[in-house]
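Residues per chain are reported as follows:
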Amino acid sequence: MTAIHFCASETDTALTALGRLMQRYGQVPATRADVVVALGGDGFLLSTLRQNLGKPVYGMNRGTVGFLMNDYSEDGLHERIAAAEETVINPLSMVAGAPDGTESRALAINEVSMLRTGPQAASVRVTVDGRVRMEELVCDGLMVATPAGSTAYNYSAGGPILPMGSDVLALTPIASFRPRRWRGAILRHDSVIRLDVLDAAKRPVMADADSKQVDRVLWVEIRSEPRIAHRLLFDHGHGMEERMMREQFL
């Protein structure tokens, strides 16, 4: 029998589900569990993946959208987990440099973004693998998204949905002003992307890695981190590839 560790977000809906499932299926510590079941929304699932590195995580939706979550049901949980499809996700690594010379590091499963924090648009130089690809991009922001994150903020900003296993990243502008018609680029997954803020005093910019924020950055360097693997479980027939395909026909 699969040993399960249940965890839940702080909402009443999630906590009620937590109590009912623990009573029905028991509870083991995360360190001894075969699988972690996360109850909440996509944000809570992402934090659960980061906290339980290497263990498969099966999410059940007790939040709102829940794109990464399975439908909530209290019945047949062992059978659902045994038949589940696994998706392995490599996160992005972000290093952000501040004006005082300090560097901040973070990992992101969905995307790393740079966003303006003042009234004027950001001015950013884009370098890929040591070669400057755009001397100046004037925009509200810019993001690098993984295939797993391409249906989230990236897609809302007009970026492409990337098939799982495609070994590419999406570089997507947010409200690009100059060049006005630039829609972004698709890059190899092993690319190293550097974004330099050209006028940080007048046009301040922050960096964000899956909601971990770094204020007032001068530059950000982003790359895929293949040494880290997050394991995500989906109900049979509703895996990540099928979800992303469905999203394109809504």
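Residues numbered from 1 in each chain as written. Predicted model: local features only at pLDDT ≥ 70, side-chain atom pairs only at ≥ 80, totals over all residues. Heavy atoms only, no water.

Caption draft 1: Structural view of the pairing of strand β17 (residues 230-234). Of all five residues making up β17, four are buried, and the element is well covered by its neighbours. Of the pairings in the sheet, the one linking strand β3 (residues 56-61) to β17 comprises three bridges and is parallel in character. Its bridge partner lying in β17, Val57 is registered against Leu232. Sheet analysis places strand β4 (residues 85-89) next to β17, joined by five bridges and oriented antiparallel. Within β17, the position partnered with Ile89 by the bridge is His230. (Buried < 20%, exposed > 50% of the residue type's maximum accessible area, 1.4 Å probe, protein only. Helix = DSSP H or I, 4+ residues; strand = E, 2+ residues; numbered from the N terminus. Pairing = 2+ DSSP bridges.)

Caption draft 2: Summary view of the layout of surface pockets. Put simply, the largest pocket is a space of about 260 Å³. Lining of the largest pocket is provided by 18 residues; of these, Val88, Ile89, Asn90, Pro147 and Asp167 occupy positions nearest its centre. When contributions to the lining of the largest pocket are tallied by element, the ones reaching two or more residues are β4 and β11 (168-174). Sorting elements by how many residues they give to the lining of the largest pocket places β4 first, with three residues. Considered class by class, the residues forming the lining of the largest pocket number 10 nonpolar, seven polar and one charged. Across the lining of the second largest pocket, the residue classes break down as three nonpolar, three polar and five charged. (1 Å grid on protein atoms, 1.4 Å probe; cavity = no way out; pocket = protein on both sides within 12 Å on 5 of 7 lines; lining within 4 Å. Points joined across faces, edges and corners; volume = space filled by probe spheres on them. Nonpolar A, V, L, I, M, F, W, Y, C, P; charged D, E, K, R; others polar.)

Caption draft 3: A look at the nonpolar core. Counting 31 residues, the largest nonpolar core has Met94, Val112, Leu142, Leu171, Leu195, Val217 and Val220 as its most contacted members. Take this core: its biggest share by element is four residues, from strand β8 (residues 122-128). Counting residues in each nonpolar core, the second largest holds 19 residues, with Leu49, Met164, Leu232 and Phe234 among its members. (Core = buried A, V, L, I, M, F, W, Y, C linked by side-chain atoms within 4.5 Å.)

Caption draft 4: Region of the structure containing the side chain of Ser113. If you trace the backbone, Ser113 turns up in strand β7 (residues 111-116). Taking relative accessible area as the criterion, Ser113 reaches 3% and is therefore assigned buried. Discounting residues that sit within four places of it in the chain, Ser113 has contacts with Leu142, Met143, Tyr153, Met206, Ala207 and Asp208. (Contact = heavy atoms within 4.5 Å.)

Caption draft 5: Focus on the packing of aromatic side chains. Scanning all chains against the criterion turns up one aromatic pair. Taken together, a centroid distance of 6.4 Å and an interplanar angle of 40 degrees make the contact between Phe6 and Tyr25 tilted. Placement of the pair is Phe6 in strand β1 (residues 4-8) and Tyr25 in helix α1 (residues 12-25), with a sequence separation of 19 residues. Here Phe6 falls in the buried class, since its relative accessible area comes to 2%. (Phe/Tyr/Trp six-rings, centres within 6.5 Å; stacked < 30°, edge-to-face > 60°.)

Caption draft 6: Layout of the sheet that holds β8. Pairing within the open sheet is antiparallel, and its six strands lie in the order β6-β5-β16-β13-β8-β9. Every interior strand has two partners, whereas the edge strands, β6 (103-108) and β9 (131-139), have only one. Between one strand and the next, the sheet's axes are offset by a mean angle of 20 degrees, whatever the strand orientation. Bridge count between strand β5 (residues 92-97) and strand β16 (residues 219-224): six bridges; the pairing is antiparallel. Looking across to β16, one finds that Ala96 is bridged to Val220. (Axes fitted to C-alpha atoms, helices over the stretch in contact; angles between N-to-C directions.)

Caption draft 7: Molecular detail of the sheet that holds strand β12 (residues 185-188). Judged by pairing direction, the sheet is antiparallel, and its six strands sit side by side in the order β12-β11-β10-β7-β14-β15 without closing on themselves. At either margin of the open sheet sits one strand with a lone partner, and together these are β12 and β15 (212-214). This sheet shows a mean twist of 20 degrees between the axes of neighbouring strands, independent of strand direction. One ladder, built from five bridges, connects strand β10 (residues 141-145) with β11; its direction is antiparallel. From the neighbouring strand, Val144 faces β11, where its bridge partner is Leu171.

Caption draft 8: Geometry of helix α2 (residues 42-51). Considered for burial, the residues of α2 that qualify are Asp42, Leu45, Leu46, Ser47, Thr48 and Leu49. Of the surrounding elements, those touching the buried residues of α2 are β1, β2 (35-40), β3 and β17.

That is the geometry; function is a separate question.
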